[in-house]
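Breakdown of the fold
Here are the chains, one letter per residue:
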Amino acid sequence: MSKQITVSGLDAYYGSHKAIEDVSMTIEPRSVTAFIGPSGCGKSTFLRTLNRMHEVIPGARVEGKVLLDGVDLYGSGVEPVSVRRSIGMVFQRPNPFPTMSIYENVAAGLRLNRRMPRSQTDEVVEESLRGANLWNEVKDRLNKPGAGLSGGQQQRLCIARAIAVKPQVLLMDEPCSALDPISTLAIEDLITKLKQEYTIVIVTHNMQQAARISDRTAFFNLAAQGQPGKVIEMDVTTRMFTSPSEKATEDYITGRFG
Amino acid sequence: MTAPTSTRAGGPAASRSAPGRTRGEGAFRYLATGAGILVLVIMAAIAVFLVVEAVPALRANEGDFLTEVIWDPNGSHTFGIAALAFGTVLSSLLALVMAVPVAVGVALFISHYAPRRLAAALGYVIDLLAAVPSVVYGLWGIVFLVPFITGPEGFLNEYFGWIPLFAGESVAGRSMFTASVILAVMILPIIAAISREVFLQVPKSHEEAALALGATRWEMIRMAVLPFGRPGVISAAMLGLGRAMGETIAVALILPATFGISFQILTAQGNSIAANIANGFGEATPIGRGALIASGLVLFAITMVMNMAARLVVARRKEYSGAGA
Ligand SMILES: Nc1ncnc2c1ncn2[C@@H]1O[C@H](COP(=O)(O)OP(=O)(O)O)[C@@H](O)[C@H]1O
Ligand SMILES: [Mg+2]
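Residues numbered from 1 in each chain as written. Chains lettered and ligands numbered in written order. Predicted model: local features only at pLDDT ≥ 70, side-chain atom pairs only at ≥ 80, totals over all residues. Heavy atoms only, no water.

Considerations on the domain arrangement of chain B
All names here are of chain B. This is how the line gets drawn: Bear in mind that the domain bounds are from an automatic or database domain assignment. In what follows, a contact means two residues having at least one pair of non-hydrogen atoms within 4.5 Å. Summed over both partners, buried area is the accessible surface (1.4 Å probe) that two parts give up on being assembled. Here, a salt bridge means any Lys or Arg side-chain nitrogen found within 4 Å of an Asp or Glu carboxyl oxygen. Pairing of N or O atoms within 3.5 Å defines a polar contact, subject to two protein rules: one partner must be a possible hydrogen donor and the other a possible acceptor, and residues neighboring in sequence count only if both atoms are side-chain atoms. In this classification, Asp, Glu, Lys and Arg are treated as charged, Ala, Val, Leu, Ile, Met, Phe, Trp, Tyr, Cys and Pro as nonpolar, and every other residue, Gly included, as polar.
Per the domain assignment, the segments making up chain B are domain 1 (12-58) and domain 2 (61-320). Just the C-alpha atoms count here: the centres of domain 1 and domain 2 sit 34 Å apart. Facing the 7 residues of domain 1 at the interface are 9 residues of domain 2. Taken over both partners, the interface formed by domain 1 and domain 2 buries close to 670 Å², and the fraction arising from carbon and sulfur atoms is 79%. Contact with domain 2 buries area across many residues of domain 1, yet Leu50, Ala57 and Leu58 alone supply 65% of it, more than any other trio. Between the two partners, domain 1 and domain 2, sit 0 salt bridges. In this structure, the connection of domain 1 to domain 2 is made through 2 residue pairs in polar contact (both at pLDDT 80 or more). Its residues placed into classes, the side of domain 1 that touches domain 2 shows 6 nonpolar, no polar and 1 charged.

Okay, here's the thing in structure tokens:
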């Protein structure tokens, strides 16, 4: 249930503004791939091209190829809706549905695909909440609103919601940036556990985090303000943080940036 | 009287010194409290005046004001609100049932489906329609709709006559149905305009959460937009209902001003509190006038009860409203 992503020659635009240029990379299954780089260099944009969320923004478009186990996600006849079902996403700010209970939030994606008997939905909800390390904290208040949880719990609820539909890949855009250190640790533990089942891609501006949890790291940068972002270097995380081959990567990692 | 103080308090000199700021704060508080009290006093005075006018008529009533169907305060001093209140509530609820789904559809189309240019143009048209005076709708109804509607009414009567609402011997242009259609057309723009605003307020992050789960646009709307917009749509519907119940001239032009309680909305019968006031106030005796004022107070009470019911519905799910998120 975990798949490989191969990107080649990908450009992404907002109207006439080219936000990223010529990105090519391979993202391995059952591993964590981290994207680092200064803000505005297109990490979020690139992440959103991987599940066709980029095109949701009016005027936004993509050129190039994204292959999921060999199938081009941008090929003709591929529905963005089905792409998003198999490639889940967790956002920077926790965004549980405020009008739904904890239970309904986790079950939201299940209700889209098919009619499922209640008992089976119960099972998947429990399994997903356990998977997101949240079950013990919420099992007694599944019918309370999801918005009543703490920020860290809300983010884990969003992860539970994403994994409930059993995606192949999980994309996370700075999932800890709005959280306190304890909640961050809880999410990091969770990511390490989830990578045994999923292909995980995480954007982070926290380099210690990238070093702690990722197997491979890609460094994004842009030549100048207004220029499109590019991948400068991608490598195994330990090598990336000890002996990067590009000067720009080393400068960024050691904090001698800009 | 308090104006100079508040002007000084807002000035640069005052904002630097603590006593000045406190004084400005105090002045503003008095002003706000005073305005609030004034409004309450005026409202209480109006209510007292109306009740004082109504009481003698109610005393003189030979019938039971709440259950009597006849309205003859000028002659036999027998009058009751039952038929009028029934007509008001039925025509307004029917109007609401017709208007809300269409209005929500229009609002969703403008907020989530139409291309930007078209959405802007449509939004403008809706705002414009919301500002059209009700007498215009009434005239349109009497000139165009009354002759036209007997066709559709005949169809409903023939094929759906087994539903009590559409039953009856013969259909008529001047019917409760026609009045409800006019009311629906009249309240549609305001409900659509408010719903559109509410739907546009839905945070992008909720919509994206739904889309990222693989929701289609319609599923996204059902998952994120409609639940978030629900309290706002209910408020909009209540505003529309209030307008429909209070609508006078359009309804007075259409309804045949009969007295009776019947669910047969296609037939030549129907009346409403507001229409009855408009029709009868001119030649009313003092008792008749008091009776009409009493009926107006009942209309006010019905509107209040409807609004409170709606508030309850909204409040019941307050913790799910998304307001805290
Ligand atoms: N919704 C948008 N509309 C237009 N331009 C955008 C939008 N989102 C991002 N951009 C632009 O795309 C570039 C990359 O942004 P982003 O992908 O958010 O960077 P990062 O996540 O690395 O901070 C920036 O120049 C930003 O201004
Ligand atoms: Mg970003």
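That covers the picture; the talk isn't over yet.
Re the pairing of strand β7 (residues 169-173) of chain A
All names here are of chain A. In plain terms, the rule: For the exposure calls, accessible area comes from a 1.4 Å probe over protein chains only, and a residue counts as buried if that area is under 20% of its type's maximum, exposed if over 50%, partly exposed in between. Numbered from the N terminus, helices here are DSSP runs of H or I no shorter than four residues, and strands are runs of E no shorter than two. By definition, two strands form a pair when at least two bridges between them are found by DSSP. Consider the strands pointing away from the viewer: the crossover is right-handed when the path from the first strand over the helix to the second runs clockwise.
Extensive coverage of β7 is indicated by the burial of 5 of its 5 residues. When β7 meets strand β8 (residues 199-203), the two strands line up parallel, connected through 5 bridges. From the neighbouring strand, Val169 faces β8, where its bridge partner is Thr199. For the crossover that starts at β7, traverses helix α7 (residues 181-194) and ends in the parallel β8, the hand is right-handed.

Considerations on the environment of B:Ala309
Topologically, B:Ala309 is positioned in helix α12 (residues 286-316). Between the C-alpha atoms of B:Ala309 and B:Thr248, which are 61 residues apart in sequence, the distance is 24 Å.

With respect to the site of ligand 1
Residues and elements named next belong to chain A. To keep things clear, this is the line we draw: Residues are classed as near a molecule or strand on a simple rule: at least one heavy atom within 4 Å of it. Using a 1.4 Å probe, the Shrake-Rupley method yields the accessible areas, and only the shown protein chains count as cover for residues.
In the vicinity of ligand 1, the contacting residues are Tyr14, His17, Ala19, Ser39, Gly40, Cys41, Gly42, Lys43, Ser44, Thr45 and Ile57. One of the backbone N or O atoms of Gly40 is found 2.7 Å from an oxygen atom in ligand 1. Contact between ligand 1 and Thr45: an oxygen atom at 2.4 Å from a side-chain N or O atom of the residue. Relative to its free-state accessible area of 560 Å², ligand 1 is covered by the protein chains to the extent of 62%. Here the shell around ligand 1 takes 3 residues from helix α1 (residues 43-49), the largest share from any one element. In terms of residue class, the shell around ligand 1 is built from 4 nonpolar, 6 polar and 1 charged.

Remarks on the pairing of strand β2 (residues 17-27) of chain A
Residue and element names in this part refer to chain A. In terms of strand pairing, strand β1 (residues 5-14) meets β2 through 7 bridges, oriented antiparallel. Its bridge partner being in β2, Leu10 is matched across the sheet by Val23. Counted along the chain from β1 to the antiparallel partner β2, the turn is 2 residues long, and its residue Gly15 has a positive phi close to 60°.

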